[in-house]
Structures are given as structure tokens and as C-alpha cells.
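Chain by chain, the residues:
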Amino acid sequence: MESIKFINDNNVSVKIPTNLTEVHQKLFHTRPNAEVKFRKLVEFLLRENIIDSTKNIIDCGAWIGDNAVPWSKNITGLVYAIDPSKENCNFIKKLKEMNGIENLKIFNFALSKANEILYSNGHINHCVYQSNTRTNVQKPPASIKEGSGDNFKHCTKSYFLDCLLKEKIIDNITFIHLDAEGFEYGILKGANNLIQQFNPVIKYEVQLNLKDRNGNLEYLNIVNYLKKMNYTSFIINEVDPWMNPQTRNIIAFYNYNATLEKKLQKFSFINDLHIIK
């Protein structure tokens, strides 16, 4: 067993097993210094109570738990870690047990705009899914017929957030984190009631040049959708070396006003937050 310090997440330490596969070892060791500005922003928002540490966080596309596990150590509310890969979820479960974490709930399914089946030919631990309703506007994985689940390597169940809220599987949300490989807009459309009830801070990953089937930029579709619910969105100006140069994190705040603006001015990377008009 060894301990990795997340210096950009309030300096929390995470114990990990030493008998991990080489891939897991390399990946988890790199994560404390990945997306540094985003990590520092979440740390700041928690400290300023813009993200309420007594309430609950959704981490969709939880992957290897590099966000969910540190966040669970920084809040007293719950972290809902959601990922379609059983291997990823088992790894997060191992970290949860090793670190004695009690406020982390792990769900092995995907999120979408509806309760539907998703399919892919990619690697299950990190892949692009598609659905029969074509929720994902990204180019489908190789060998998949767009809009048809006739040819696939694996499939997974997906649910929409308003359904999970109605069934009391999730509740009291203060922050939604989405890294869903093209499903972000669909997931948010399936969370309309949740968003209007809790007004959480929302972060989603986008490709700035990705267009929908009508030729509209997908990230602006999301910005405008949230704007109708009184959200203001900011691009975080940060690109890690291994990321697509067009990939960005966008964070959206409900009822952005002078008080919130004044708070954000104290953030050390404020000049790297660019408002989207």
C-alpha cells in the first residue's frame, strides 16, 4: 500500500494498493497534477461554500475515482460516483475500502437523457457510447452503425438523473461533474427537474469544435440550455498535454450576481475563467 497526495484537492492523501496493474499505477499517480486549474477551482468553491460541503456531489464518468475519492474526503455530504465500467467501479470500491470512506456511493451504470441501452465497440474502461436515439453527437466508435445497436462489443444500461431523483436514489445535489464522452447535453436535458430544484454548480467537459446534427456547436447548445434556467457559464482555460486541444472544461453557476462575482475574484486562476456571453 502507498499514499498519494492530491496537492490541488486540499492536500488530501489517498491510499492505493501496490499490486495494481501497471496501467492503473501510472494513471492514478498522474491524476493529482492533471487539470490543476479545475481541481484548484473545486477546492476554492468548497472553501467559499459555493459548493456546499454538507450536500451531495454527482461524479458522472467517475473513471478511476481520481475526483470522487478526494472529494469524498473533502465533504461531509455524499459523492455519487457513476461509471459504466465494472472494472472502474471495482477499483473505486477498493479505494473506498482502503481509505475507510463512508460517504461514497458507487453506481455501475451510465447516464443519458432517458432510461435506455447504450452500446460501444471501444474499451469498456474509457470509451464512447451511442444509443438508438442517437443521444451522442460525437462520431460513433468504429464498426457501430449510428442509431442502431445491431453491432457492438458490449452494452450498458443508462438512466436519467430526474428518474434517479424521483426514485430517491440521489438527492440534495450541490455539484454535478460530467465527463461523459459526448453525452453531457443529453444528461443535462434529463436532469431538468433536479437542476431547477437544487440549482447546483455544473461542470461539463466539451469539445469546442463539436457540432450537432444541425451544424450547431454542441457546447453552445448546453450553454443556452442552462442560460434558460438562469445559469452563467465559464470556460476554464486549461489544456493538459494528453488532451485533445479542443477539449475544455466549462463550469456554470446559477444566479451569477455581484456577490458571486466578488467571491470568484479571490480565485488564484480567475484570469483563466472566461465568461461565455
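Right above here is the structure, for reference.
Residues numbered from 1 in each chain as written. Predicted model: local features only at pLDDT ≥ 70, side-chain atom pairs only at ≥ 80, totals over all residues. Heavy atoms only, no water.

Draft legend 1. Inspection of the sheet that holds strand E13 (residues 247–254) at higher detail. Pairing is mixed in the open sheet, where eight strands are placed in the order E5-E4-E3-E10-E11-E13-E12-E14. The open sheet has two free edges, formed respectively by strand E5 (104–107) and strand E14 (273–275), since each of these has just one partner strand. Strand-to-strand twist across the sheet, computed as the mean angle between neighbouring axes with direction ignored, equals 20°. One ladder, built from four bridges, connects strand E10 (residues 173–178) with strand E11 (residues 201–207); its direction is parallel. (Pairing = 2+ DSSP bridges. Helix = DSSP H or I, 4+ residues; strand = E, 2+ residues; numbered from the N terminus. Axes fitted to C-alpha atoms, helices over the stretch in contact; angles between N-to-C directions.)

Draft legend 2. Structural detail: the environment of Asn-115. Tracing the sequence through the fold places Asn-115 in the loop between strand E6 (110–111) and strand E7 (116–120). Residue class for Asn-115 comes out partly exposed when judged on its relative accessible area of 42%. Distance in space between the C-alpha atoms of Asn-115 and Leu-161 is 9.4 Å, their sequence separation being 46 residues. Not counting residues within four places of it along the chain, the set of residues in contact with Asn-115 comprises Ser-158, Tyr-159, Phe-160 and Cys-163. Separated by 3.2 Å, the side chain of Asn-115 and the backbone nitrogen of Phe-160 make a polar contact. (Buried < 20%, exposed > 50% of the residue type's maximum accessible area, 1.4 Å probe, protein only. Contact = heavy atoms within 4.5 Å. Polar contact = N/O pair within 3.5 Å; in protein donor to acceptor, adjacent residues only side chain to side chain.)

Draft legend 3. Highlighting helix H2 (residues 36–47). Across its 12 residues, H2 extends 16 Å between first and last C-alpha, which sits within 8% of the 16 Å expected from 1.5 Å per residue. The buried fraction of H2 amounts to nine of the 12 residues, a majority that puts the element mostly inside the structure. Every buried residue of H2 is accounted for by Lys-37, Phe-38, Arg-39, Leu-41, Val-42, Glu-43, Phe-44, Leu-45 and Leu-46. (Expected span 1.5 Å × (residues − 1).)

Draft legend 4. Focus on the packing of aromatic side chains. Per the counting criterion, the structure on display carries 13 aromatic pairs. Here Phe-6 and Phe-28 contribute two aromatic rings whose centre-to-centre distance is 5.7 Å and whose plane-to-plane angle is 75°, an arrangement assigned as edge-to-face. With Phe-6 in strand E1 (residues 2–6) and Phe-28 in helix H1 (residues 22–30), the pair connects residues that are 22 residues apart, well separated along the chain. The class for Phe-6 is buried, based on a relative accessible area of 0%. Phe-28 sits in the buried class, given a relative accessible area of 0%. Between Phe-38 and Trp-71 the ring centres are 6.3 Å apart and the planes differ by 75°, which places this aromatic pair in the edge-to-face class. Residue Phe-38 is located in helix H2, and its partner Trp-71 is located in helix H3 (residues 68–74); the two are separated by 33 residues in the primary sequence. Residue classification places Phe-38 among the buried positions, given a relative accessible area of 1%. One aromatic cluster is present, formed by Tyr-80, Phe-107, Phe-109 and Tyr-159 through successive ring pairs. Here the basic side chain of Lys-189 rests over the ring of Tyr-185, its NZ or CZ set 4.3 Å away from the ring centre. Geometry around Phe-38 places Lys-203 over its ring, the cationic atom sitting 5.0 Å from the centre. (Phe/Tyr/Trp six-rings, centres within 6.5 Å; stacked < 30°, edge-to-face > 60°. Lys NZ or Arg CZ within 6 Å of the ring centre and 35° of its normal.)

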